[in-house]
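# Analysis of the macromolecular model
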Amino acid sequence: MTILELAQKLNTLKSAVVFSHTRPDGDTIGAGLAMYYYLKEQGIKVNLVCDSQIPEKYNFLDGIEYFSNTIDMNAEAFIAVDSANSFRLGTLREKFLQSNKKTFNIDHHISNDMFATENLVIDNAASTSEIMAKLYKETNCSCPPFVANYMLMGILTDTGHFSHKNVTEDTLTMAAFLVGKGADLYTLQYNLFKKQSAVRANLFALTINTMEYYANATIGILLVSQENLKKTNATMDLTEGFVDYPMTIDTVEVAVCMLETGYNKYKISLRSKGNVNVNAVAGIFGGGGHVLASGCMLFGTREEVVEKLCKAIQEAPSVV
């Protein structure tokens with residue numbers, strides 16, 4: 001399905017629910033809000049949902065209050081944005097899958113399992129917000145500055161403000177298109193990457209002290225423990241971006257952030273400088289994402305999880 005074919009299918013709808021994924025990041029929030037506004041512009045009744053609370057760092061955006069966790073079950077279609085699989089929808093997954101609605105899956109993850117009846121997955125796009133920007137551009141949809149901000153935010157967060165290897169000519173072209181529509185790059189950069197609370201800074205300081213190196217210092221692993229979360233009175237959403245720190249170490253090829261979410265339960269974030277396919281690593285444990293940025297869940301003691309990860313990373317295929 002092409003972007004214009006997607007637009008034709010969307011434009012036939014009378015009502016829809018847009019789903020952003022659980023534990024939302026900048027891309028799913030930006031793409032969700034952009035899809036919400038796009039459908040509103042077509043005269044379609046729309047409901048925007050996420051099973052998790054939107055992190056406070058995104059409160060500077062106009063329209064963030066449109067998110068809820070209540071689904072309009074009378075809607076004609078369900079639309080998931082930025083979800084590689086249905087499990088990313090969290091507690092809303094069953095309603096998405098068990099409905100008799102038209103379902104849409106709009107995403108950019110190479111591991112996407114095509115879980116909807118209509119799938120637009122562009123895995124060479126740096127973000128789902130980049131795909132949304134193309135939708136706006138190719139359909140000449142009205143795009144006021146606050147809507148352009150949504151999509152530029154998604155592009156910025158999924159590219160590490162244009163520092164990751166997933167940045168392409170299309171990425172920069174779509175970013176320029178959005179700036180031309182009035183997106184405020186300075187305000188977005190400050191709120192997304194520079195501004196932080198003392199609580200987050202304190203948690204980051206404690207987390208840095210957990211850094212350990214493996215495989216001749218080619219693997220750098222951070223731990224965000226429940227103990228340190230409680231000690232700093234921090235919430236788990238404040239850990240976004242922590243995994244990027246080990247990537248600054250010259251010998252590190254793969255960075256790992258282990259977020260302790262419960263007893264012997266860890267949410268794993270993986271980053272690669274370009275030699276190791278971390279999507280393959282995550283796939284071993286039922287996760288996925290991108291070749292250079294992926295995630296999964298692992299169970300066991302800290303030592304057991306580290307051992308499993310290091311083995312999988314060292315045996316992982318190279319990036320083709």
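Anything mentioned here points back to the structure above.
Residues numbered from 1 in each chain as written. Predicted model: local features only at pLDDT ≥ 70, side-chain atom pairs only at ≥ 80, totals over all residues. Heavy atoms only, no water.

## Notes on the sheet that holds strand 11 (residues 288–289)
Consider a sheet: its strands pair through backbone hydrogen bonds, and that pairing is either parallel or antiparallel. The six strands lie next to each other as 7-8-9-10-12-11, forming an open sheet whose pairing is mixed. Looking at the sheet topology across the chains shown, the edges are occupied by strand 7 (212–214) and strand 11. Examined bridge by bridge, strand 9 (residues 254–262) and strand 10 (residues 265–272) share eight bridges and lie antiparallel to one another. Residue pairing for strand 10: Ala-255 is matched across the bridge by Arg-271. (Pairing = 2+ DSSP bridges. Helix = DSSP H or I, 4+ residues; strand = E, 2+ residues; numbered from the N terminus.)

## Points about the nonpolar core
With 55 residues, the main nonpolar core has Met-35, Leu-39, Tyr-136 and Leu-178 as its most contacted residues. Among the elements that make up this core, the one with the highest residue count is helix 2 (residues 26–41) (nine residues). Filtering out sequence-adjacent residues up to four positions away, Leu-178 remains in contact with Ala-133, Cys-143, Ala-148, Met-151, Leu-152, Ile-155 and Ala-183. (Core = buried A, V, L, I, M, F, W, Y, C linked by side-chain atoms within 4.5 Å. Buried < 20%, exposed > 50% of the residue type's maximum accessible area, 1.4 Å probe, protein only. Contact = heavy atoms within 4.5 Å.)

## Re unusual backbone geometry
Here the phi dihedral of Asn-140 falls at roughly 55 degrees; this positive angle occurs in a residue that is not glycine. Overall, the relative accessible area of 69% leaves Asn-140 in the exposed class. Positioned with a positive phi, Asn-233 is a non-glycine residue whose angle comes to about 60 degrees. Structurally, Asn-233 can be placed in the loop between helix 9 (226–232) and strand 9. Residue Asn-233 is classed as exposed on the basis of its relative accessible area of 67%.

## Comments concerning the sheet that holds strand 5 (residues 102–107)
Here we have six strands laid out as an open sheet, ordered 3-2-1-4-5-6, and parallel in their pairing. Of all strands in the sheet, those bounded by a partner on one side alone are strand 3 (67–68) and strand 6 (118–121). Pairing between strand 5 and strand 6: four bridges, direction parallel. When the sheet's bridge partners are listed, Asn-105 is paired in strand 6 with Asn-119. Across the sheet, helix 2 lies against strand 1 (15–20), strand 2 (45–49), strand 3, strand 4 (77–81) and strand 5, angled at about 170 degrees from strand 1, the strand it touches most. (Axes fitted to C-alpha atoms, helices over the stretch in contact; angles between N-to-C directions.)

## Focus: the packing of helix 5 (residues 145–159) against helix 7 (residues 185–194)
Axes are the key here: two packed helices are described by the angle between their axes and the distance separating the axes. Here helix 5 crosses helix 7 at 50 degrees, and the two axes come no closer than 10 Å. In terms of orientation, helix 5 and helix 7 fall into the oblique class. The way helix 5 lies across helix 7 gives a crossing that is right-handed. Between helix 5 and helix 7, the contacting residues are Asn-149, Leu-152, Met-153, Leu-156 and Thr-157 on the first element and Leu-185, Leu-188, Gln-189, Leu-192 and Phe-193 on the second. Grouping the constituent residues of the contact of helix 5 with helix 7 by class yields seven nonpolar, three polar and no charged. (Parallel < 35°, antiparallel > 145°, perpendicular 65-115°, else oblique. Left-handed = near helix turned anticlockwise from the far one by under 90°. Nonpolar A, V, L, I, M, F, W, Y, C, P; charged D, E, K, R; others polar.)

## Looking at the pairing of strand 1
Burial analysis of strand 1 places six of its six residues in the buried class, the great majority of the element. Relative to strand 2, strand 1 runs parallel, the two being bridged by five bridges. Within strand 2, the position partnered with Ser-15 by the bridge is Lys-45. The handedness of the strand 1 to strand 2 crossover, carried by helix 2, is right-handed. Where strand 1 lies against strand 4, five bridges are found, and the strand directions are parallel. Bridge pairing in strand 4 places Phe-19 opposite Ala-80. (Right-handed = clockwise from strand over helix to strand, strands pointing away.)

## Details of the packing of aromatic side chains
The description of an aromatic ring pair rests on the distance of the ring centres and on the angle between the ring planes. Tallied over the full model, the rule gives 10 aromatic pairs. Site record: aromatic cluster; members linked through ring pairs are Phe-19, Phe-78, Phe-96 and Phe-115. It is Arg-93 that lies over the ring of Phe-87; its NZ or CZ is 3.8 Å from the centre. (Phe/Tyr/Trp six-rings, centres within 6.5 Å; stacked < 30°, edge-to-face > 60°. Lys NZ or Arg CZ within 6 Å of the ring centre and 35° of its normal.)

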